[in-house]
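Now for the letters of each chain:
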Amino acid sequence: MKTIRLLKKNFLGLMMAMVVASCTAAESKLHVKMNIKGMGDSVAVVSIADRENPQTFAGKQGVFDFEVDVPQVTMYLLVDPCVLRGERSAYRFQIPAVPGEEVVVTSENESRYDVTGSKFYAQFHEIDLAVEEAQKESKAFTQKCMDMLQKGVSQDSVMKVYNADMPAISQRFAKAMTDIVKTHSKDEAITAFLTEFEDVDQLKAAVALLSPEVREGRTKPLYQFILDQVEAQQKAEQEASQKQNAGVEAPDFTLNDINGKPLSLSSLRGKYVIIDFWGSWCGWCIKGFPEMKNYYQKYKGKYEILGVDCNDPEQKWKDAVRQYELPWLHVYNPRNSTVLADYGIQGFPTKIVVGPDGKIVKTIVGESPEFYTLLDELFK
């Protein structure tokens, strides 16, 4: 009898384990439905926690229905597979991935998409609409600035308008977001929107507003990841500032030029050098080229530009140099290089002015008229 009871117990235990395993397997998957007008027959799913292992799923004319493994709650990107090859595409959708749920992503045009589905995603959709409403002022203002540039208004004038008005707009948006968090403090989906808080103190204050069940619940990895990223970014910016301060010795490096020959920064010692960190994918980098070319000609022989291409396939880099007819020196920065880390590069374009003695004179991030003012001060 004892043997029989043990066998029965082991059998029941095995059955229970199988049931638990099957439940766990089902609950570790996210059911994804997509109906994207104009999209092709395949979609790539990329986890921000594991960007090196994307998954691709087949569909038909933008209609997809598949299940994807989700070990834990995180953010996923649903993109046209061409994006994985370094090509551009309008089809980019970001969603929180919650195992055991069903998400429905729909889009009628390239300018917006909607996310809904089971309970979590129904909450997400409601909050998403509220956030979209709160963003209207800042989006309209940004578009106004872009229109001014397209109409020929100088970047200097546009930046003055932007710097004068944007801080108040950002404060109003932060207040609106805080109100949304308060309203939805008991909804799990609110954790996916805490990324809207770019300031670490505002983000921590928003987390404190969440109900204990949400704050310590299954979607905690969403806001914890965001918080970790913001804190890491803040730390990286502080470290970058130290690396880029005036008077710091510019780290030497050797990279291959456009003809495949090694070129070192130290070989340019004795003259002013502007190290321009850029990429063909960077819109602001491209916008800055005409004025850079004007100033390169204006002060010809008084300084050199060393363009350091970043995050481009090598052939795209070469094609861009030829397409935009960039007359200065160029080198290619491969992905295994440490140059970006050595200089603490946080954004593109970044221009680092190095003096004849090899020490940093100034660092300018973004396409700013401040750069040309500095050149005038140095060489006029």
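Residues numbered from 1 in each chain as written. Predicted model: local features only at pLDDT ≥ 70, side-chain atom pairs only at ≥ 80, totals over all residues. Heavy atoms only, no water.

Draft legend 1. Region of interest: the overall build of the protein chain. A count of helices and strands for the protein chain gives eleven helices and 15 strands. Projecting the C-alpha coordinates of the protein chain onto the three principal axes gives extents of approximately 95 × 50 × 45 Å. For the protein chain, the proportion of its 380 residues judged to be buried stands at 40%. The long-range fraction of contacts in the protein chain, counting pairs at least 24 apart against all pairs at least 6 apart in sequence, stands at 63%. Counting every atom, the protein chain has about 20,900 Å² of accessible surface; 52% of that belongs to carbon and sulfur. For the protein chain, the separation between the mean place of its 45 positive charges and that of its 52 negative charges on side chains is 2 Å. (Helix = DSSP H or I, 4+ residues; strand = E, 2+ residues; numbered from the N terminus. Buried < 20%, exposed > 50% of the residue type's maximum accessible area, 1.4 Å probe, protein only. Contact = heavy atoms within 4.5 Å. Areas by Shrake-Rupley, 256 points an atom, 1.4 Å probe, with all protein chains shown as cover. Lys, Arg positive; Asp, Glu negative; His and termini not counted. Charge placed at Lys NZ, Arg CZ, Asp CG, Glu CD.)

Draft legend 2. Here's a closer look at the packing of helix α4 (residues 155-183) against helix α5 (residues 200-209). Running from amino to carboxyl end, α4 crosses α5 at an angle of 20°, the nearest separation of the two axes being 9 Å. In terms of orientation, α4 and α5 fall into the roughly parallel class. Between α4 and α5 lies a crossing whose hand is right-handed. Across the interface between the two elements, A174, T178, V181 and K182 from α4 touch Q202, A206 and L209 from α5. A per-class count over the contact of α4 with α5 returns four nonpolar, two polar and one charged. (Axes fitted to C-alpha atoms, helices over the stretch in contact; angles between N-to-C directions. Parallel < 35°, antiparallel > 145°, perpendicular 65-115°, else oblique. Left-handed = near helix turned anticlockwise from the far one by under 90°. Nonpolar A, V, L, I, M, F, W, Y, C, P; charged D, E, K, R; others polar.)

Draft legend 3. Region of the structure containing the layout of surface pockets. Of the pockets and cavities examined, the largest pocket occupies roughly 970 Å³. Lining the largest pocket are 22 residues, with V83, G86, R92, N311 and R335 positioned closest to its centre. For the lining of the largest pocket, the secondary structure elements donating two or more residues are β3 (50-58), β5 (74-79) and β13 (329-333). For the lining of the largest pocket, the leading source of residues is β3, giving three residues. (1 Å grid on protein atoms, 1.4 Å probe; cavity = no way out; pocket = protein on both sides within 12 Å on 5 of 7 lines; lining within 4 Å. Points joined across faces, edges and corners; volume = space filled by probe spheres on them.)

Draft legend 4. Examining helix α8 (residues 283-298) more closely. With 16 residues, α8 should cover 22 Å at 1.5 Å per step; its first-to-last C-alpha distance of 24 Å lies within 8% of that length. The largest bend in α8 comes to about 40°, at F289, with the proline P290 one to four residues further on. Considered for burial, the residues of α8 that qualify are C285, I286, G288, F289, M292, Y295 and Y296. (Expected span 1.5 Å × (residues − 1). Bend = angle between axes of the 7 residues up to and from the residue.)

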